[in-house]
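# Analysis of the macromolecular model
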Amino acid sequence: MPAPSITITSEFSGSVVAKGATDDLSASLLKHAGFQQIDDWHGRRHRLPTTTPVADKVAIATHAAEMLRAARYSVDLPSSLDMAQMSPPAHPLGPYAAGAELLQITDRIRSADNGADLQQAVDHLLHPEHGALERVREALEAAGEQINDLDDEAYALADRFGFASEFVSSAQSELVDSEVELRRVGNPQQLQTETRTHSPNLSDHWGAALATSPAAANAKVPAALGVEAAHSSAAVRPPHAPGPQR
């Protein structure tokens, strides 16, 4: 007797559902792959939660299909859930890989269900050693230094990058100690002792990390300086001395 046909599909809700697994062997294989079994008046079926990341849905559905086919089941799996048929996704921003990574962080921030999820997402931006803001600060600072190395007459442009790096340091300083407050977002009844317990350690962690930053001493740059500060700095820079007259 041929084994029953099993269909794995993605529904409009975003959930991936496997139907047709009415015997214990196929049900066991689906559960081993990561599906959850549901038995109700609709009958036995297996599904993945709508919150499952897309990459995990594809991996689980593909693995389940491979196991079922090895057990001689006929499996109908759409190409959108089959890793073997999926072409590598085009980079959403072309060569701007860093921008694409930040877009993913932004999406994760917007989809946070609670303060703890929000804090974990924002940490990718604010971590004092490995966060995106620190990498941006370093890159701006390096750009200013490189401009000076390549052209000592382009000091005005180098100063603008230096000021930009200091503004990022100011943003980092503004958000020090925000970790505990982020975790409490949406949960105002959380005990105040959490703040007293975690804040000192967090302050030390941020303070030590920012102390190693070359621009940390200038982190209190007032926002009013803006572009005018860069121009005024360039204005007081001594002009390049002319060479000897021939």
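For the structure, check the block above.
Here we summarise the structure given alongside this text. It should be emphasised that the depicted structure is a prediction, and the values quoted were computed from it without experimental measurement.

### Quick notes on helix 6 (residues 155-174)
Helix length check: helix 6 (20 residues) gives 29 Å between terminal C-alpha atoms against 28 Å at 1.5 Å per residue, within 8%. Those residues of helix 6 that fall on the buried side of the exposure criterion are Tyr-155, Ala-158, Asp-159, Phe-163, Ser-165, Glu-166, Val-168, Ser-169 and Gln-172.

### Digging into the packing of helix 1 (residues 24-33) against helix 2 (residues 54-70)
The contact between helix 1 and helix 2 brings their axes to 9 Å, and the two run at 150°. Here the hand of the crossing between helix 1 and helix 2 comes out right-handed. Only Ile-60, His-63, Ala-64, Met-67 and Leu-68 of helix 2 make contact with helix 1, whose side of the interface consists of Ser-26, Leu-29, Leu-30, His-32 and Ala-33. Its residues placed into classes, the contact of helix 1 with helix 2 shows seven nonpolar, three polar and no charged.

### Considerations on a nonpolar patch on the surface
Where nonpolar side chains cluster on the molecular surface, the patch consists of Leu-93, Tyr-96 and Leu-103 and spans about 310 Å² of accessible area. Counting through the fold element by element, Tyr-96 comes out in the loop between strand 5 (74-76) and helix 3 (97-110). When its relative accessible area of 60% is taken as the criterion, Tyr-96 is described as exposed.

### As for the nonpolar core
Core analysis: the biggest nonpolar cluster contains 21 residues, and Ile-8, Leu-30, Phe-35, Leu-68, Val-75, Leu-77 and Leu-81 have the highest contact counts within it. Among the secondary structure elements, those contributing two or more residues to this core are strand 1 (5-10), strand 2 (16-19), helix 1 and helix 2. With seven residues, the top contributor of residues to this core is helix 2. Residue contacts for Ile-8: discarding those within four places in its chain leaves Val-16, Val-17, Ala-18, Phe-35, Ala-61, Ala-64, Ala-65, Val-75, Asp-76, Leu-77, Pro-78 and Leu-81.

### As for the environment of Ala-64
In this fold, Ala-64 is placed in helix 2. Expressed as a C-alpha distance, the spacing of Ala-64 and Ile-8, which sit 56 residues apart in the sequence, is 9.1 Å. Look past the residues within four positions of Ala-64 in its chain and what remains in contact with it is Ile-8, Leu-30, Ala-33 and Phe-35.

### A look at the side chain of Thr-62
With respect to the secondary-structure elements, Thr-62 resides in helix 2. Reaching out from Thr-62, the side chain makes a polar contact with the backbone oxygen of Leu-81 at a distance of 2.9 Å. Apart from residues no more than four positions distant in its own chain, Thr-62 is found in contact with Leu-77, Leu-81, Asp-82 and Met-83.

### Observations concerning the pattern of salt bridges
The tally for this structure, following the rule as stated, stands at five salt bridges. Here Lys-19 makes a salt bridge to Glu-11, at a shortest N to O gap of 4.0 Å. Residue classification places Glu-11 among the partly exposed positions, given a relative accessible area of 35%. The closest approach of N and O atoms between Glu-179 and Arg-183, which form a salt bridge, is 3.4 Å. Here Arg-183 and Glu-179 lie together in helix 7 (residues 178-183), a separation of four residues that amounts to about one turn.

### Quick look at the environment of Leu-118
Relative to the helices and strands, Leu-118 resides in helix 4 (residues 115-126). Along the chain, Leu-118 and Val-185 lie 67 residues apart, while their C-alpha atoms are 8.5 Å from each other. Setting aside its immediate chain neighbours within four residues, Leu-118 contacts Ile-109, Ala-112 and Leu-182.

### Re the environment of His-46
Mapped onto the elements of the fold, His-46 is located in strand 4 (residues 43-48). Residues His-46 and Lys-31, spaced 15 residues apart in sequence, show a C-alpha to C-alpha distance of 7.8 Å. Beyond its immediate stretch of four places on either side in the chain, His-46 contacts Val-16, Val-17, Ala-18, Ala-21, Ala-27, Leu-30, Lys-31, Phe-35, Gln-36 and Gln-37.

### Considerations on the sheet that holds strand 4
Read across the sheet, five strands follow the order 3-4-2-1-5 without closing on themselves; strand pairing throughout is mixed. The open sheet has two edge strands, strand 3 (36-40) and strand 5, and neither has a second partner. Averaged over all adjacent pairs, the angle separating strand axes in this sheet is 25°, with direction ignored. Of the pairings in the sheet, the one linking strand 2 to strand 4 comprises three bridges and is antiparallel in character. By the bridge assignment for strand 4, Val-16 is matched with Leu-48. Taken strand by strand, helix 1 contacts strand 1, strand 2, strand 3 and strand 4, and its axis lies near 15° from that of strand 4.

The rules we used
- Residues numbered from 1 in each chain as written.
- Predicted model: local features only at pLDDT ≥ 70, side-chain atom pairs only at ≥ 80, totals over all residues.
- Heavy atoms only, no water.
- Helix = DSSP H or I, 4+ residues; strand = E, 2+ residues; numbered from the N terminus.
- Expected span 1.5 Å × (residues − 1).
- Buried < 20%, exposed > 50% of the residue type's maximum accessible area, 1.4 Å probe, protein only.
- Axes fitted to C-alpha atoms, helices over the stretch in contact; angles between N-to-C directions.
- Left-handed = near helix turned anticlockwise from the far one by under 90°.
- Contact = heavy atoms within 4.5 Å.
- Nonpolar A, V, L, I, M, F, W, Y, C, P; charged D, E, K, R; others polar.
- Patch = residues over 30% accessible without salt bridge, like charges linked within 9 Å, V, L, I, M, F, W, Y side chains within 5 Å.
- Areas by Shrake-Rupley, 256 points an atom, 1.4 Å probe, with all protein chains shown as cover.
- Salt bridge = Lys/Arg side-chain N within 4 Å of Asp/Glu carboxyl O.
- Core = buried A, V, L, I, M, F, W, Y, C linked by side-chain atoms within 4.5 Å.
- Polar contact = N/O pair within 3.5 Å; in protein donor to acceptor, adjacent residues only side chain to side chain.
- Pairing = 2+ DSSP bridges.

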